[in-house]
Every structure is written in C-alpha cells, then in structure tokens.
Amino acid sequence: MVEKPRIRILQPGDEAALEAFLLPRIASSMFLLGNMRAAGLEDEGEPYQGTYAAAFTEGKIVSVVAHYWNNALIFQAPVHLDALWRKAVEVSGRPIGGLIGPEEQVDAVKEGLDIDESRIQLDETERLYTLALDELVMPGVLASGQAVARRAEPHDLAFLVAWRVAYGEETLGESDTGDSRERARSTVERLIRQKRTWVLEVEGEPVACSSFNTATEEAVQVGGVWTPPDIRSRGYGRAVAAASLLEARAEGVATAVLFTGQENIPAQRAYAALGFRHVGAYRMLLLNPALGSGDLAQTRS
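Participant: I'm lost on the sheet that holds strand 2 (residues 50-57) in this one. Help?
Facilitator: Taking strand neighbours across the sheet as the criterion, the twelve strands line up as 1-2-3-4-5-12-6-11-10-9-8-7 in an open arrangement whose pairing is mixed. At either margin of the open sheet sits one strand with a lone partner, and together these are strand 1 (6-9) and strand 7 (148-151). Neighbour-to-neighbour, the strand axes of this sheet turn through a mean angle of 25 degrees, independent of strand direction. Where strand 3 (residues 60-68) and strand 4 (residues 72-76) come together, four bridges link them in antiparallel fashion. Bridge pairing links A66 to I74 in strand 4. Each of strand 2, strand 3 and strand 4 touches helix 1 (residues 15-22); the most contacted strand, strand 3, lies at about 100 degrees to it. Most of the contacts of helix 3 (residues 81-92) go to strand 3, to which it runs at about 45 degrees, and overall it touches strand 1, strand 2, strand 3, strand 4 and strand 5 (96-102).

If you want it as structure tokens, here you go:
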C-alpha cells in the first residue's frame, strides 16, 4: 500500500530534512536553501524568514513551498504543489506578491490563481545557468588590470541605491517611486553589511556592480549585475561578476548559479564567456498589487 503523503509546516529541527531534499536540486533551490540557512525556519516576518509547507513520504521531504517575508511564494514542489502553496499562504497570512521557481510549477500556480493580467508587473521565463567555479574563465579586462573590483563599502551607498532603482525599472518592471527607493536602500544596506556586493572601478570611477542575492557554503547565486547604459558593451558586467566569483572560490565555494532573461542575448553571451552552462528554465512572476485573502477566495484547485 502506497503511503499517503503528510503535509505540514516545517519547524526548527527540520533543517536537515529540508537540506537533504534541496541540495540535490541546488540550481533551482538557492532562494529556499539560502534563506533557510540565513534565517532558520521560524517566521516572524523578518528578512529572509518564511513559512515552509512540506510534503513528507516515508519520513523524507518530497516537495516544499515557502511564503516569504517579502510576499514571494517560492517553489521546489514536483508533487503536491497545489496543496503546499495553499497551506503556506493559509498559515503565513500574507498576500501573494510573486511566484518564483521552476517554470512548470509557476505555470501551474498562476493558472490556479486565475490572475488578472492588470496585476502582473513582470512575468518572465529565465534561462538558468550553473558554473563549477574551478572552470571560471577570467575576463581580459580583469586579467589586464584595466579594471579593479572590490567589495562595496558604506560610502558607495548613494550610487548603488540609484543603480538598484534603475535595475528594478529595467529588469523587474518597477516604477521609480519613494517606496521603491526606500526598498532599494534597505536592500543595498543589507548587502553591504553582509559583504555580498562588489563594485568594479576603472581609473577610480565605479562602472559596474554585482551581488550575491543568496549564498551558501556550497553555491552562490549571482544577481543585480548592473552597468549604466552609456558604458555598456565593454565587458564591465562580466568582469565584476567574475571578480565576485573569484572571491567565492577562494572561500571554498564550488558552484555558481544565475538566471537571465530569454531575450537578454548580451547577458547570455557574457555568462557563457565566463564558463556558465545553460541547464534549464526558471520563472519569475511579480504582482502589483499583491493578491490578498479576498482575491484568493476566488481561486480554483
């Protein structure tokens, strides 16, 4: 007789079981793994915290969905997806501000939610890439010494916030508002404090930045790569990403992960030149306004 899966909210003490499920799927699980490592399994609404709903079979996790402090639903749920996302949302009590995960899982939840198109801020299927860091290819602009990279410092805050706002407008469909600038400032301050942002300089002037939007002992996920439009096509974005990965490799990290838009051919070429390999599809759907409890009452299984 096949055992019926048991679905429950994860609690402190379940970390090892969650890691055992996520690590073999690390390329598409970095947000889940990194957030759990950073903030644990309690959910008090602090950055990186979330409510994790998991399905167990024979005592092992076989699927998980998390609903995070920033209202994003993130999936690694090849089975029992519908029951898990509904359980996570019910227990967290949060609105749904985004769907992030493997393409087919986001597709399924989007259909279940029956989302009005006017709410969609961004809906993009991204190309997912991985790189074994011992195969990283050094860009010429770094090898020649033409450009120098360093970790960001508090005195970089002003221009990094401006770049973060511009990045949000261009890649995430965000508007430049007081709220978006405050969110950008909070994000940049946190990344600087965590030493997870790098700046590339040419003749002492900043020309590009790159961050790790999540990081674990096993892997780092590159994000927020930005070069101002008027100085693009000079290899700066590629160089600052490579510099961050060189430091991660020196600290013992073995793997890098990133995703970039299907239509962003320049970025795809840049990452391929560093040695990244395309391994699948990852989807990000952002909602504005978010779906509240009243909206969810209309959803279908």
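Participant: Could you clarify how one ought to interpret helix 6 (residues 157-172) in this entry?
Facilitator: Residues separated by three or four positions in an α-helix point in the same direction, a consequence of the helix having 3.6 residues per turn. Counted at 1.5 Å a residue, the expected span for helix 6 with its 16 residues is 22 Å, and the 21 Å between its end C-alpha atoms agrees. Listed in full, the buried residues belonging to helix 6 are L157, L160, V161, W163, V165, Y167, G168 and L172. Tucked inside the fold, the buried residues of helix 6 contact strand 6 (120-132), helix 7 (178-193), strand 8 (197-202), strand 9 (205-215), strand 10 (219-226) and strand 12 (277-291). Backbone geometry just after helix 6 places G173 at a positive phi near 70 degrees.

Participant: Looking at this model, I keep getting lost on the packing of helix 6 against helix 7. Mind explaining?
Facilitator: Each packed pair of helices is defined by two parameters, the angle between the axes and the distance between the axes. The interhelical angle for the contact between helix 6 and helix 7, taken along N-to-C directions, is 125 degrees, at an axis separation of 9 Å. The orientation of helix 6 relative to helix 7 falls into the category oblique. In this structure, helix 6 crosses over helix 7, and the sense of that crossing is right-handed. Every residue of helix 7 that contacts helix 6 at L157, L160, V161, R164 and V165 is listed here: S180, R181, A184, R185, T187, V188, E189, L191 and I192. Here the residues of the contact of helix 6 with helix 7 sort into eight nonpolar, two polar and four charged.

Participant: Just to check I follow, could you spell out empty space enclosed by the protein for this structure?
Facilitator: A water-sized probe, rolled over the atoms, reveals where empty space remains. Evaluation of the coordinates by the stated rule reveals one cavity of 30 Å³ or more. As a volume, the largest cavity reaches approximately 90 Å³. Around the largest cavity, the lining residues are L160, W163, R164, Y167, V188, L191, T197, C209, S211, G224 and W226. Residue assignment for the lining of the largest cavity shows that the elements contributing at least two residues are helix 6, helix 7, strand 9 and strand 10. Counting residues per element, the lining of the largest cavity draws most heavily on helix 6, which supplies four residues. Residues belonging to the lining of the largest cavity are distributed by class as follows: seven nonpolar, three polar and one charged.

Participant: Explain unusual backbone geometry to me, please; I cannot follow it from the model alone.
Facilitator: Most peptide bonds adopt trans geometry, and most residues besides glycine take a negative phi value. P289 follows N288 through a cis peptide bond whose omega is 5 degrees. If you trace the backbone, P289 turns up in strand 12. Here the phi dihedral of N71 falls at roughly 80 degrees; this positive angle occurs in a residue that is not glycine. Of note, N71 is situated in the loop between strand 3 and strand 4. For D114, which is not glycine, the phi torsion reads 55 degrees and is therefore positive. Structurally, the position occupied by D114 is in the loop between helix 4 (103-113) and strand 6.

Participant: Please clarify how the environment of V279 should be interpreted in this entry.
Facilitator: Topologically, V279 is positioned in strand 12. On the accessibility criterion, V279 (47% relative accessible area) is partly exposed. Along the chain, V279 and V257 lie 22 residues apart, while their C-alpha atoms are 10.0 Å from each other. Here V279 is in contact with L128, Y129 and T130, once residues within four sequence places are set aside.

Participant: What is the right way to look at the pairing of strand 8 in this model?
Facilitator: Side chains on a regular strand alternate between the two faces of the sheet. Taken across its six residues, strand 8 has six buried, putting it largely inside the fold. Of the two faces of strand 8, the one holding T197, V199 and E201 and the one holding W198, L200 and V202 are both buried throughout. Note that strand 7 and strand 8 share four bridges and pair antiparallel. Its bridge partner being in strand 8, A149 is matched across the sheet by L200.

Participant: What should I look at first to understand the pattern of salt bridges in this one?
Facilitator: When the charged atoms of two side chains with opposite charge come close together, those side chains can pair. Within this structure, the stated rule accounts for 16 salt bridges. One salt bridge in this structure joins R37 and E218, with 2.9 Å as the shortest N-O distance. Pair noted here: R37 is in helix 2 (residues 30-39) and E218 is in the loop between strand 9 and strand 10, with a separation of 181 residues, a long-range link. For R37, a relative accessible area of 28% translates into the label partly exposed. For D123, the salt bridge is made with K110, and the minimal N-O distance between the two is 3.1 Å. Of this pair, D123 sits in strand 6 while K110 sits in helix 4, and the two are 13 residues apart along the sequence. Salt bridges here are not isolated pairs; linked through shared partners, they connect D107, K110, D123 and R283.

Cut-off values and rules
Residues numbered from 1 in each chain as written. Predicted model: local features only at pLDDT ≥ 70, side-chain atom pairs only at ≥ 80, totals over all residues. Heavy atoms only, no water. Pairing = 2+ DSSP bridges. Helix = DSSP H or I, 4+ residues; strand = E, 2+ residues; numbered from the N terminus. Axes fitted to C-alpha atoms, helices over the stretch in contact; angles between N-to-C directions. Contact = heavy atoms within 4.5 Å. Expected span 1.5 Å × (residues − 1). Buried < 20%, exposed > 50% of the residue type's maximum accessible area, 1.4 Å probe, protein only. Parallel < 35°, antiparallel > 145°, perpendicular 65-115°, else oblique. Left-handed = near helix turned anticlockwise from the far one by under 90°. Nonpolar A, V, L, I, M, F, W, Y, C, P; charged D, E, K, R; others polar. 1 Å grid on protein atoms, 1.4 Å probe; cavity = no way out; pocket = protein on both sides within 12 Å on 5 of 7 lines; lining within 4 Å. Points joined across faces, edges and corners; volume = space filled by probe spheres on them. Salt bridge = Lys/Arg side-chain N within 4 Å of Asp/Glu carboxyl O.

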